[in-house]
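Geometric and topological summary
Read off the chains here:
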Amino acid sequence: MTDVLVQQFKQTLDDCSAVFLKENAAHGELFAASRNYYDLLCRITDLQMPDVRLDDAILLPGGKAIGPIVAAECIKDYMRTYRFIRGLYCAVIAVKKEQPGKPVHILYAGTGPFATLVLPLTSVFSPETIQCTL
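The rules behind each value
- Residues numbered from 1 in each chain as written.
- Predicted model: local features only at pLDDT ≥ 70, side-chain atom pairs only at ≥ 80, totals over all residues.
- Heavy atoms only, no water.
- Helix = DSSP H or I, 4+ residues; strand = E, 2+ residues; numbered from the N terminus.
- Contact = heavy atoms within 4.5 Å.
- Phe/Tyr/Trp six-rings, centres within 6.5 Å; stacked < 30°, edge-to-face > 60°.
- Buried < 20%, exposed > 50% of the residue type's maximum accessible area, 1.4 Å probe, protein only.
- Salt bridge = Lys/Arg side-chain N within 4 Å of Asp/Glu carboxyl O.
- Core = buried A, V, L, I, M, F, W, Y, C linked by side-chain atoms within 4.5 Å.
- Axes fitted to C-alpha atoms, helices over the stretch in contact; angles between N-to-C directions.
- Parallel < 35°, antiparallel > 145°, perpendicular 65-115°, else oblique.

A word on the environment of Thr-116. Mapped onto the elements, Thr-116 comes out in the loop between β3 (104–107) and β4 (130–133). Measuring from C-alpha to C-alpha, the distance between Thr-116 and Cys-74 comes to 9.1 Å, with 42 residues separating the pair along the chain. Not counting residues within four places of it along the chain, the set of residues in contact with Thr-116 comprises Tyr-37, Ile-75, Thr-81, Ile-85, Tyr-108 and Thr-111.

Listed below in structure tokens is the structure:
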């Protein structure tokens, strides 16, 4: 990515993150932020490209997992996205109060194609504050 594209990505991510991390964000704000977030992540990953294989469920020994396209579209459920991101944010804040000076390690299973729920936290926390295993 060029420097301009990197800056555009960061600005859009920061703008969406600011909405998702607000304590009482309005529905209209959340709807717009979720669409902008989805469009941003699809653009940088080329996930928009129609590929039936990416829409198919994946059979696993323990059951069925949704495909990457369906997982990506979960972002559009703006209240779900908002609540999970806010919940993770609040959990990081709580752990930081209990263990100041130590990084918070987030184990994120089921990230889908974008690591949707943790990515906004990178706008407000440094790598010294949060560490992630995806």
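Here the narrative resumes.
This part takes up the packing of aromatic side chains. Taken as a whole, this structure holds three aromatic pairs when the rule is applied. Relative to Phe-125, the ring of Tyr-89 lies with its centre 5.7 Å away and its plane at 35°, an arrangement referred to as tilted. Within this pair, whereas Tyr-89 is found in helix α5 (residues 78–98), its partner Phe-125 is found in the loop between β3 and β4, the two being separated by 36 residues in sequence. By relative accessible area, Tyr-89 is classed as partly exposed at 23%.

Before going further, it helps to examine the pattern of salt bridges. Any two side chains of opposite charge can pair, so long as their charged atoms come close to each other. Summed over the entire model, instances satisfying the criterion amount to two salt bridges. Residue Glu-29 is joined to Lys-22 by a salt bridge in which the shortest nitrogen-to-oxygen separation is 2.6 Å. The exposure class assigned to Glu-29 is partly exposed, which follows from its relative accessible area of 30%. A relative accessible area of 35% means that Lys-22 is categorised as partly exposed. Among the salt bridges present, the one from Lys-76 reaches Glu-73, with a minimum N-O distance of 3.8 Å. According to the relative accessible area criterion, Lys-76 is partly exposed, its value standing at 30%.

Let us now look at the nonpolar core. Core analysis: the largest hydrophobic core is formed by 32 residues, its most contacted members being Phe-20, Tyr-37, Ile-106 and Leu-121. Element by element, the count of residues in this core is highest for helix α2 (residues 27–45), at seven residues. Once residues lying within four places of it in the same chain are set aside, the contact partners of Ile-106 are Leu-88, Val-92, Val-118, Leu-121, Ile-130, Gln-131, Cys-132 and Thr-133.

All right, on to the packing of α2 against α5 then. Relative to each other, α2 and α5 sit at 90°, their axes nearing to 9 Å. In terms of orientation, α2 and α5 fall into the roughly perpendicular class. On α5, the residues touching His-27, Leu-30, Phe-31 and Ser-34 of α2 are Tyr-78, Met-79 and Tyr-82.

Looking now at the environment of Val-104. You can see Val-104 is positioned in strand β3. Placed 24 residues apart in sequence, Val-104 and Glu-128 show a C-alpha to C-alpha distance of 8.6 Å. In this view, Val-104 contacts Val-92, Val-95, Lys-96, Thr-129, Ile-130 and Gln-131; residues no more than four positions away in its chain are not counted.

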